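Each chain, letter by letter, is given below.
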Amino acid sequence: MINETYTSTEEKAAQLYDRFCSRASKDDEFSDWAGYRAELTRFVINHTRSGGSLLILGAGKCNDLDLAKLSDHCGSITLSDYRPETAEDALCRYGITASAASERVTFLEADYVGIPDSAYLRYTELLLEIMKKLRDEQGDSLEEIAGQELQKLQTCLEQIYQDNEAYEIDLGEAAFDYGVIEGVHSQLNNSFRGLFQYVRKDVEDQAGEVKYAEDLNAAIFAVTRRHTKKIVLRFNEAVFAAVREGLIYGYEKNIIYTPEGADHPTIGTVDGARQAGEVINELSAEDRMSCLWPLSRRRGIKFEMEVRYLSAMNLSR
């Protein structure tokens, strides 16, 4: 992905960003999500007519939707994601041959956010520079310098979002009878916070505790949170315009987190999903269901999902 020549900090930032983008789950998602996949697939089939065309947003490897059953039910399926290799994995997993796929299952590469790699790299490099500066600084001036560095980080993020405001999502020229969004909204604007945790862990593994780490995390969240709803609304607008008959719309209503050794779970909400819920609560749904998505058995994370079916005429309200 990264081909240019970098200085030491740039090189490190590029390596970390590449690793962040290519990271893989350590859970057996296909096996662990079997019950959730069956519930969600059944809901989709029950709310789409046989032979209709279906757009699956953020399809990934289709661990949460049974692509074999859906391809038998639908006339055509379009898997939309920003990584083409995930569609290949999905087709292989469900035993759909290339010849069958060419007739019934196609792939649409799409970026739902539009922030370029160069911006994420610039941000990652700045994180490394700030962490190094705070690590090396000693004495009474540390707190003042930390405040200046936090402001520098927030200014960088605000500029990235400002540059992104005019971005338009391209879902192609074709319209689809139905669409499925499930657990996508929470992923739209989480890369900056995810990168921070990734860089922090790497630095701490190499050089010890990152000073003012929680303040850095809070500063990043303060900026990203201000922009999440705009990104959610832009994504929804593109999806709503792409469907003719109806949309299955699912989001994480609650996160249930029970780390290893804990007696009681922590229950909270997820940024992006929370805004997705606010949007959908303003629209009339023809049907809904709640189900449990066991996201990561290893980390003890589950989601209480809210799934709704909305007819296209209600999406324009």
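Residues numbered from 1 in each chain as written. Predicted model: local features only at pLDDT ≥ 70, side-chain atom pairs only at ≥ 80, totals over all residues. Heavy atoms only, no water.

This next bit is on the overall build of the protein chain. Helix and strand counts for the protein chain come out as 12 helices and eight strands. The C-alpha atoms of the protein chain give 21 Å as radius of gyration, which agrees with the globular expectation for 317 residues (20 Å, within 12%). Its C-alpha atoms put the protein chain at 70 × 50 × 40 Å along the principal axes. Buried positions account for 50% of the 317 residues belonging to the protein chain. (Helix = DSSP H or I, 4+ residues; strand = E, 2+ residues; numbered from the N terminus. Rg over C-alpha atoms; globule rule 2.2 N^0.38 Å. Buried < 20%, exposed > 50% of the residue type's maximum accessible area, 1.4 Å probe, protein only.)

Residues Tyr123, Leu171 and Tyr249 are the most contacted members of the largest nonpolar core, which totals 100 residues. The biggest single contributor to this core is helix H10 (residues 213–242), with 12 residues. Beyond its immediate sequence surroundings of up to four residues, Tyr249 is in contact with Ile181, Glu182, His185, Asn236, Phe240, Ala276, Val279, Ile280, Glu306, Val307, Arg308 and Leu310. (Core = buried A, V, L, I, M, F, W, Y, C linked by side-chain atoms within 4.5 Å. Contact = heavy atoms within 4.5 Å.)

Looking now at the pairing of strand E4 (residues 176–182). By the criterion of burial, E4 is predominantly enclosed, with seven of the seven residues buried. One ladder, built from three bridges, connects strand E1 (residues 53–57) with E4; its direction is parallel. Looking at E4, one finds that Leu55 is bridged to Gly179. As paired strands, E4 and strand E5 (residues 243–257) are joined by six bridges and run parallel to one another. By the bridge assignment for E5, Val180 is matched with Ile248. (Pairing = 2+ DSSP bridges.)

On to the packing of aromatic side chains, then. Overall, the coordinates contain 11 aromatic pairs when judged by the stated rule. Aromatic pair Tyr36 and Trp293: ring centres 5.4 Å apart, planes at 10 degrees, arrangement stacked. Pair noted here: Tyr36 is in helix H3 (residues 34–46) and Trp293 is in strand E7 (residues 287–296), with a separation of 257 residues, a long-range link. A relative accessible area of 2% places Tyr36 in the buried class. For Trp293, a relative accessible area of 7% translates into the label buried. Among the aromatic residues, those joined into a ring-pair cluster are Tyr17, Tyr120, Tyr123, Tyr161 and Phe192. (Phe/Tyr/Trp six-rings, centres within 6.5 Å; stacked < 30°, edge-to-face > 60°.)

There is about 190 Å³ of room inside the second largest pocket. In terms of lining, the second largest pocket is formed by Ser8, Thr9, Lys12, Leu128, Met131, Lys132, Arg135, Asp202, Val203 and Gln206. Counting residues per element, the ones that place at least two in the lining of the second largest pocket are helix H1 (8–22), helix H7 (117–136) and helix H9 (191–207). Top element by residues in the lining of the second largest pocket is H7. It accounts for four residues. Split by residue class, the lining of the second largest pocket holds three nonpolar, three polar and four charged. (1 Å grid on protein atoms, 1.4 Å probe; cavity = no way out; pocket = protein on both sides within 12 Å on 5 of 7 lines; lining within 4 Å. Points joined across faces, edges and corners; volume = space filled by probe spheres on them. Nonpolar A, V, L, I, M, F, W, Y, C, P; charged D, E, K, R; others polar.)

For H3, which comprises 13 residues, the first-to-last C-alpha distance of 18 Å matches the rise-based estimate of 18 Å (1.5 Å per residue) to within 8%. The set of residues buried in H3 consists of Tyr36, Arg37, Leu40, Thr41, Phe43 and Val44. What you see down the axis of H3 is that its buried residues fit within an arc of 160 degrees, all on one side. (Expected span 1.5 Å × (residues − 1). Arc of directions from axis to C-beta.)

Attention now goes to the pattern of salt bridges. Pairing of side chains with opposite charge becomes possible as their charged atoms draw close. One pass over the structure, following the stated rule, counts 22 salt bridges. Salt-bridge contacts for Glu245 lead to Arg49; the nearest nitrogen and oxygen are separated by 2.8 Å. Residue Glu245 is found in strand E5, and its partner Arg49 is found in the loop between H3 and E1; the two are separated by 196 residues along the sequence. Looking at Arg49, the relative accessible area reads 39%, which means it is partly exposed. Where Arg244 meets Asp177, a salt bridge forms, and the shortest distance between an N and an O atom there is 3.0 Å. Linking Arg244 in strand E5 with Asp177 in strand E4, this pair joins segments that are 67 residues apart in sequence. Residue classification places Arg244 among the partly exposed residues on the basis of a relative accessible area of 48%. Among the residues examined, Asp177 registers a relative accessible area of 8% and is labelled buried. (Salt bridge = Lys/Arg side-chain N within 4 Å of Asp/Glu carboxyl O.)

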